[in-house]
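# Results of the structural survey
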Amino acid sequence: MSGVHKYPTISFRISPREREEIEAKILASGLSKKDYFVRSCIYNRVCVVGKKELIYQLVEELKIMQANIREVTEQFEKTEIDLTPEGLEDMRNDCLDMLKAILWVLDGAKYLWQGNTNGEEKSPDSGNC
């Protein structure tokens, strides 16, 4: 059916210079634009500049996950499971996606707690990302 897409579209605005850089990387990769963007978003490393607001957001996400897991655990213990197999799979995927994202962000932020050998902290711009 024309005009109907199965999956949502992600879009953003970039400068002409950023577009040129991205286009060059796509060309060099040999991938289609879609594949390049998907792989870049999922697999590229992100450098995080430590902010307490980010940590608070992650803690809130973990609290939600904890409540969901506690609820499912209680249902399993009572053998009164209200979740459908699809609901359980959705919850599993949501938790797994969030945990992967948190690990990814923490990997990019590890410079905050892993100083170099002479005791100085490296910043994201110092080549460790």
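It should be noted that the structure appears before, not after, this text.
The notes below deal with the structure included here. These numbers come from a predicted model, not from an experiment.

### A closer look at the overall build of the chain
If you tally the helices and strands in the chain, you get 4 helices and 0 strands. Considering the chain as a whole, with its 129 residues, one finds that 12% of them fall into the buried category.

### Side note on the layout of surface pockets
Estimates place the volume of the largest pocket at around 770 Å³. In terms of lining, the largest pocket is formed by 21 residues, of which the most central are Phe-12, Lys-33, Phe-37, Val-38 and Cys-41. Where the lining of the largest pocket is concerned, the elements lending two or more residues are helix 1 (16–29) and helix 2 (33–43). A total of 8 residues in the lining of the largest pocket trace back to one element, the largest contributor, which is helix 2. Partitioned by chemical class, the residues of the lining of the largest pocket number 12 nonpolar, 3 polar and 6 charged. Counting only elements with at least two residues in the lining of the second largest pocket, the list comes to helix 2 and helix 4 (85–108).

### Here we look at the packing of aromatic side chains
Applying the stated criterion across every chain yields a total of 2 aromatic pairs. Here a set of aromatic residues connected by ring pairs shows up, and it is made of Phe-12, Tyr-36 and Phe-37.

### Description of the packing of helix 1 against helix 2
Across the interface, helix 1 lies against helix 2 with an axial gap of 10 Å and an inter-helix angle of 105°. By the angle between their directions, the pair helix 1 and helix 2 is classed as roughly perpendicular. Within the contact between the two elements, helix 1 uses Arg-19, Ile-22, Glu-23, Lys-25, Ile-26 and Ser-29 and helix 2 uses Lys-33, Tyr-36 and Phe-37. Its residues assigned to classes, the contact of helix 1 with helix 2 comprises 4 nonpolar, 1 polar and 4 charged.

### Description of helix 3 (residues 52–78)
The terminal C-alpha atoms of helix 3 lie 39 Å apart, and with 27 residues this matches the ideal 39 Å at 1.5 Å per residue to within 8%. Inspection of helix 3 places Leu-58, Met-65, Val-72 and Gln-75 among the buried residues, and these make up the whole buried set. Buried residues belonging to helix 3 abut helix 4.

### Details of a nonpolar patch on the surface
Nonpolar side chains collect at one region of the surface, where Ile-10, Phe-12, Ile-14 and Phe-37 lie side by side and expose about 430 Å² of accessible area between them. When you line up the elements, Phe-37 lands in helix 2.

### A word on a negative patch on the surface
Taken together, the side chains of Glu-71, Glu-74, Glu-77, Glu-80 and Asp-82 define an acidic patch exposed on the protein surface. Along the polypeptide, Asp-82 turns up in the loop between helix 3 and helix 4. Asp-82 sits in the exposed class, given a relative accessible area of 66%.

Calculation rules
- Residues numbered from 1 in each chain as written.
- Predicted model: local features only at pLDDT ≥ 70, side-chain atom pairs only at ≥ 80, totals over all residues.
- Heavy atoms only, no water.
- Helix = DSSP H or I, 4+ residues; strand = E, 2+ residues; numbered from the N terminus.
- Buried < 20%, exposed > 50% of the residue type's maximum accessible area, 1.4 Å probe, protein only.
- 1 Å grid on protein atoms, 1.4 Å probe; cavity = no way out; pocket = protein on both sides within 12 Å on 5 of 7 lines; lining within 4 Å.
- Points joined across faces, edges and corners; volume = space filled by probe spheres on them.
- Nonpolar A, V, L, I, M, F, W, Y, C, P; charged D, E, K, R; others polar.
- Phe/Tyr/Trp six-rings, centres within 6.5 Å; stacked < 30°, edge-to-face > 60°.
- Axes fitted to C-alpha atoms, helices over the stretch in contact; angles between N-to-C directions.
- Parallel < 35°, antiparallel > 145°, perpendicular 65-115°, else oblique.
- Contact = heavy atoms within 4.5 Å.
- Expected span 1.5 Å × (residues − 1).
- Patch = residues over 30% accessible without salt bridge, like charges linked within 9 Å, V, L, I, M, F, W, Y side chains within 5 Å.
- Areas by Shrake-Rupley, 256 points an atom, 1.4 Å probe, with all protein chains shown as cover.
- Salt bridge = Lys/Arg side-chain N within 4 Å of Asp/Glu carboxyl O.
- Lys, Arg positive; Asp, Glu negative; His and termini not counted.
- Charge placed at Lys NZ, Arg CZ, Asp CG, Glu CD.

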